[in-house]
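# A structural walkthrough
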Amino acid sequence: MKYIEGKIGWAILVALALAFPFMASNDYLLTVMSLAYIYAIATIGLNLITGYTGQFNLAHSGFMAIGAYTVGILTVDHQWPFWMAFVLSGFVAAAVGIPVGIVSLRLKGHFFSIFTLCVGYIMFLLIEKWESLTHGTVGIIGIPAPENFLGIDFDTPRGQYYMVLFFLVISVWIMHRIVTSLLGRTFMAVRNSEELAEALGINLMRNKVLAFTLSVFYAGIAGGLYAGAVRFLGPGLAGVEHTFDMTMFMLVGGIGTLFGPLLGSISMPWLTQYLQFLQDYRFIVFGPILVALVIFLPNGIVGTYLAWKARAAYRKAAPAAARAPGAQDVAPAKQEKPSHA
């Protein structure tokens, strides 16, 4: 972990990602990595409302489906260019998320989670039953590939990979700017104690709705990229199991960290791919691995490393503070006995 800290570490990660298509032996590996990047974008958005603001949204996959269906409906039914439809995917998801957030964020804790779970199921039912708009259980077939841009052909697995990678890098950079700003510290103050944050003059509802809107915007963008990469959409995309998958990515990587959701979103799909040879028995191996991670690394991989680093810095600073001048109590001077005249 210490080798990927700072700007140099992130630059090395980007360089490795750029070189991955030349190291991959077939197009299937590129497709797996592209889908992992797409879910990483959605997980980064979920981490903003859950990890940084403390509100567990169980309708996140529903908003991802809204972004995907925005692209699918506009391109297939109305012959829009992909890029025009893609620009709207995040904004449509955010427009739906604002009223949902205003209503749901009046609740706290597990009541908020239960409410969003119901909202996500309503989204799933609307997609499944509204056949005139969403094509129902048949789904949307034949979504066109993104149009070529600057000579790059996005109709190939390598072109799609670089397209998704570009938006992932932009998404991580924007999220870094958010969480390290005053706005991000405000979100964390709301997560740590709503009462204390309100006492400091923070408008709870406004900031929670803003975090919720930014979160579902990320989900909508990820959905739009998913539609352009897979070219087929079905109601299953709005299923709550995808939200649980993103939650698993956060927990494994480290909830409330910037690199944690990215690490979990990329590592866990590859782990499941390497367990494919076990067929139906792979979950017998996969389940105990997750249980062991939760038990021994409760803060996730990145969260555990940051906690260990903080403790090491504290142990290193404690002796230095003890050796500092004036740190130790000065022994009281001996009092002279009063002289008798």
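Cut-offs and rules
- Residues numbered from 1 in each chain as written.
- Predicted model: local features only at pLDDT ≥ 70, side-chain atom pairs only at ≥ 80, totals over all residues.
- Heavy atoms only, no water.
- Helix = DSSP H or I, 4+ residues; strand = E, 2+ residues; numbered from the N terminus.
- Buried < 20%, exposed > 50% of the residue type's maximum accessible area, 1.4 Å probe, protein only.
- Salt bridge = Lys/Arg side-chain N within 4 Å of Asp/Glu carboxyl O.
- Core = buried A, V, L, I, M, F, W, Y, C linked by side-chain atoms within 4.5 Å.
- Phe/Tyr/Trp six-rings, centres within 6.5 Å; stacked < 30°, edge-to-face > 60°.
- Lys NZ or Arg CZ within 6 Å of the ring centre and 35° of its normal.

What follows covers unusual backbone geometry. Here the phi dihedral of H135 falls at roughly 70 degrees; this positive angle occurs in a residue that is not glycine. Within the secondary structure layout, H135 lies in the loop between α6 (131-134) and β1 (140-141). Using a relative accessible area of 25% as the deciding quantity, one classes H135 as partly exposed. The backbone of R231 shows a phi angle near 70 degrees, a positive value even though the residue is not glycine. The class for R231 is partly exposed, based on a relative accessible area of 22%.

Next up on the list: the pattern of salt bridges. Scanning the model with the defined rule gives three salt bridges in all. K108 is paired through a salt bridge with E194; the nearest N and O atoms lie 3.5 Å apart. One end of the pair, K108, is in the loop between α4 (82-104) and α5 (110-129); the other, E194, is in helix α9 (residues 194-199), and 86 residues separate them in sequence. Two residues, D155 and R231, come together in a salt bridge whose shortest N-O distance is 2.7 Å. Here D155 is found in the loop between β1 and α7 (157-179), whereas its partner R231 is found in the loop between α10 (204-230) and β2 (232-233), with 76 residues between them in sequence. One network of salt bridges, with partners in common, ties together K108, E194 and K208.

The next subject is the nonpolar core. Soluble globular proteins tend to bury their nonpolar side chains together. Among the nonpolar cores identified, the biggest contains 78 residues, and F63, M64 and L233 are the most heavily contacted of them. Considering each element in turn, this core owes the most residues, 14 residues, to helix α2 (residues 27-52).

The subject of this paragraph is the packing of aromatic side chains. Across all of its chains, the model carries 18 aromatic pairs by this definition. Ring geometry for Y121 and F124: centres 6.2 Å apart, planes at 25 degrees, overall stacked. Note that Y121 and F124 are positioned in helix α5 at a spacing of three residues, about one turn of the helix. In this arrangement the basic side chain of R158 is found over the ring face of F22, its NZ or CZ atom lying 4.7 Å from the centre.

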